[in-house]
Amino acid sequence: MAKKKTTVGTINTETLAFTAGRDVELDQALVEVDCIGTAAHVAMLSKMPVKPALITATERQQVVEGLVEIINLARQGKFNIKLADQDVHLAVERALTKKLGDLGKKIHTCRSRNDQVAVDLRLYAKEQILHTLEEAAELAAALAAFGKKHEKVPMVGRTHMQPGMPSSVGLWATAHAESLLDDCVGLLNAYEMNDQCPLGSAASYGVPLPIDRQLVSDLLGFAYPTHNVLYANNGRGKMESIVLGAMAQAMLTLSRLAQDFMLFTMPEFDYFQLPAEFCTGSSIMPQKQNPDVCELVRAKASRVKAAELGIYDLVKGSPTGYNRDLQEAKELFMEGIATTRACLRILAPMVKATQVNRQKLIDGFSPDVFATDRALELVGEGMPFRDAYHHVKENLQEMESIDPAEAIRLKTHLGAPMGLDWDYFKFRTQAVRQVIREERKTFNKAVSKLLGVKYPLQNRS
Ligand code: ARG
């Protein structure tokens, strides 16, 4: 059987291709964070109190310059990860060794690909969660604005899908906005749990040299280092499933929003009209305007949850310590995040451009929708509620249509159709955006200092 020489020994060609799997492509997304992690590791090695120094300050500078070069190449789509590299970690070592000779061979001192990939994925997750939060805040703001614009437009409130009580378009839209803002809390929790630096745990069991894990964590702008070095690696997979769990909750909100849109844009309802540019036609039925975007969002919610469960399933039977199984989590993780983000991004402009058909919404009110309001009116006249309930139930045919706009005007308490606090939605959205700004600032400042160049680098192609 054919064999191939790699940085870590000769490997059978078939085995190499099988074990590298999709890493050669997927790790392209990790080149930048891998270089940043290596810059911090090398900076720490150069400061290690041992004689002779493992890496001198000048050598550290050379490595950092080499890493910046690789980041620039990657941003132009020109950094190559070869099959013989197996993954990004050895590709970066190969490139540095080609440029710097023996110095390149020193960068892996006191670390393993296991803590390297763990730190890469955490840095990747940090950036991706911030993007997701930004996109979720945008959609939440769009839903709140939609709600505010149509605050006074009556809408039948339903339970069991059957007409229930008078409600409003404002209440409907902001229910989804508030759900999404809660999903942001979930994402922020995941962000916080993820914001710990596993680097320096090496293969899981520490190293017999005085590495400074706190320093590495600070250099990378993490909140703090993970503590137990074995857990640093056992946390891989667990962390990804927590992040995707938070994403799946956001997808749950989006799926229900999409489902409502599909229902309420049916000709039988015609409450809303989706913008034509977010619908597609049929190859046979010329009249069709289908809500494919909404259908796909609903389907993708299942996929994101499946990705979360896929990772959970990979790790649940995984014995302590690194196991190659973990590599399989990478694809699910990246795909789950990308899917969530794509759904958030497509829905925000769609919500903004959705039309509301006020007359159809009012036409949807049959007299029975006011039954509970009528019973409560009788309560106001002194009748015990249960008696009022039975009185109305027995005389339903006598119910008269009331002006639905008037009916919702009376619902003024906290969170009711006319008690919606628009500042509440604004403040919560702003709070999310504020965290994003602060976190980006902390990270960019740390990395700019570490690389000695303004970060993020400006040349992404
Ligand atoms: N590509 C590998 C992964 O994603 C990197 C770690 C490999 N470690 C090892 N001991 N073979 O898991």
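Residues numbered from 1 in each chain as written. Predicted model: local features only at pLDDT ≥ 70, side-chain atom pairs only at ≥ 80, totals over all residues. Heavy atoms only, no water.

> So, the site of the ligand: which residues are in play, and what are the values?
Asp-23, Asp-87, Arg-113, Asn-114, Val-117, Arg-236, Tyr-322, Arg-324, Gln-327 and Lys-330 make up every residue found near the ligand. Between Asp-23 and the ligand, the recorded distance is 2.6 Å, taken from a side-chain N or O atom to a nitrogen atom. With respect to the ligand, the side chain of Gln-327 contributes an N or O atom lying 3.0 Å from a nitrogen atom. Burial of the ligand by the protein amounts to 86% of the accessible area it has alone, namely 340 Å². Looking at the shell around the ligand element by element, the count peaks at three residues for helix H7 (residues 113-149). (Near = heavy atom within 4 Å. Polar contact = N/O pair within 3.5 Å; in protein donor to acceptor, adjacent residues only side chain to side chain. Areas by Shrake-Rupley, 256 points an atom, 1.4 Å probe, with all protein chains shown as cover. Helix = DSSP H or I, 4+ residues; strand = E, 2+ residues; numbered from the N terminus.)

> I'd like to hear about the pairing of strand E3 (residues 154-159), residue by residue, with values.
Alignment of E3 against strand E4 (residues 162-168), held across six bridges, turns out to be antiparallel. What sits directly across from Pro-154, in E4, is Ser-168. Counted between consecutive antiparallel strands, the loop separating E3 from E4 contains two residues, among which His-160 sits at a positive phi close to 55 degrees. (Pairing = 2+ DSSP bridges.)

> Would you mind going over helix H12 (residues 292-316) in detail, with residue names and values included?
Counted at 1.5 Å a residue, the expected span for H12 with its 25 residues is 36 Å, and the 36 Å between its end C-alpha atoms agrees. Taken together, the buried positions of H12 are occupied by Val-293, Cys-294, Val-297, Ala-301, Val-304, Ala-307, Glu-308 and Ile-311. Elements that come into contact with the buried residues of H12 comprise helix H11 (238-264) and helix H13 (329-353). (Expected span 1.5 Å × (residues − 1). Buried < 20%, exposed > 50% of the residue type's maximum accessible area, 1.4 Å probe, protein only. Contact = heavy atoms within 4.5 Å.)

> Describe unusual backbone geometry, with residues and values.
Peptide bonds are trans in most cases, and residues, glycine excluded, mostly fall at negative phi. The omega angle of the peptide bond from Lys-51 to Pro-52 is -5 degrees, so this bond is cis rather than trans. For Pro-52, the position within the fold is in the loop between helix H3 (31-46) and helix H4 (57-75). In this structure, the amide linkage connecting Tyr-455 to the following residue, Pro-456, adopts the cis form with an omega of 0 degrees. Mapped onto the elements of the fold, Pro-456 is located in the segment after helix H18 (422-451). Residue Ala-202 is not a glycine yet carries a positive backbone phi of 55 degrees. With respect to the helices and strands, Ala-202 occurs in the loop between strand E5 (196-197) and helix H9 (213-219).

> Account for the pattern of salt bridges, naming residues and giving values.
This structure, assessed with the given rule, holds 23 salt bridges. Where Lys-106 meets Glu-59, a salt bridge forms, and the shortest distance between an N and an O atom there is 3.8 Å. With Lys-106 in helix H6 (residues 102-106) and Glu-59 in helix H4, this pair connects stretches of sequence that are 47 residues apart. Under the relative-accessibility criterion, Lys-106 is labelled partly exposed at 29%. The network of salt bridges with common partners includes Arg-22, Glu-25 and Glu-331. (Salt bridge = Lys/Arg side-chain N within 4 Å of Asp/Glu carboxyl O.)

> Pulling in residues and values, what's your account of the packing of H7 against helix H8 (residues 169-194)?
The geometry of H7 relative to H8 is characterised by a closest axis approach of 9 Å and an angle of 165 degrees between their N-to-C directions. Considered as vectors, H7 and H8 are oriented roughly antiparallel to each other. In this structure, H7 crosses over H8, and the sense of that crossing is left-handed. For the contact of H7 with H8, a count of residues per class yields 22 nonpolar, six polar and two charged. (Axes fitted to C-alpha atoms, helices over the stretch in contact; angles between N-to-C directions. Parallel < 35°, antiparallel > 145°, perpendicular 65-115°, else oblique. Left-handed = near helix turned anticlockwise from the far one by under 90°. Nonpolar A, V, L, I, M, F, W, Y, C, P; charged D, E, K, R; others polar.)

> Give me the pairing of strand E2 (residues 9-12): which residues, what numbers.
Across four bridges, strand E1 (residues 3-6) lies against E2 in antiparallel orientation. In the strand pairing of E2, Lys-4 is matched with Ile-11. The antiparallel pairing of E1 with E2 creates a hairpin that spans two residues between the two strands.

> If you had to explain the side chain of Arg-341 to someone new, which residues and values would you point to?
With respect to the helices and strands, Arg-341 occurs in helix H13. On the basis of relative accessibility, which here comes to 14%, the residue Arg-341 falls in the buried class. Here Arg-341 is in contact with Gln-128, His-131, Thr-132 and Glu-135, once residues within four sequence places are set aside.

> Describe the packing of aromatic side chains, and please don't skip the residues or the numbers.
Counted by the stated rule, this structure contains 15 aromatic pairs. Between the aromatic rings of Phe-264 and Tyr-271, the centroid separation amounts to 5.2 Å while the plane-to-plane angle is 20 degrees, which identifies the pairing as stacked. A relative accessible area of 6% places Phe-264 in the buried class. Residue class for Tyr-271 comes out buried when judged on its relative accessible area of 3%. Both rings, one in Tyr-424 and one in Phe-425, keep their centres 5.2 Å apart while their planes meet at 90 degrees; by these two values the pair is edge-to-face. Classification of Phe-425 by relative accessible area gives buried; the value is 4%. Aromatic ring contacts, followed pair by pair, group Phe-146, Trp-172, Phe-261, Phe-264, Phe-269, Tyr-271 and Phe-272 into a single cluster. Over the ring of Phe-222 we find Lys-126; its NZ or CZ atom is 4.8 Å from the centre of that ring. Sitting over the face of the ring of Tyr-389, Arg-386 holds its NZ or CZ atom 4.6 Å from the ring centroid. (Phe/Tyr/Trp six-rings, centres within 6.5 Å; stacked < 30°, edge-to-face > 60°. Lys NZ or Arg CZ within 6 Å of the ring centre and 35° of its normal.)

Such coordinate-based values are descriptive only and should not be taken to indicate function.
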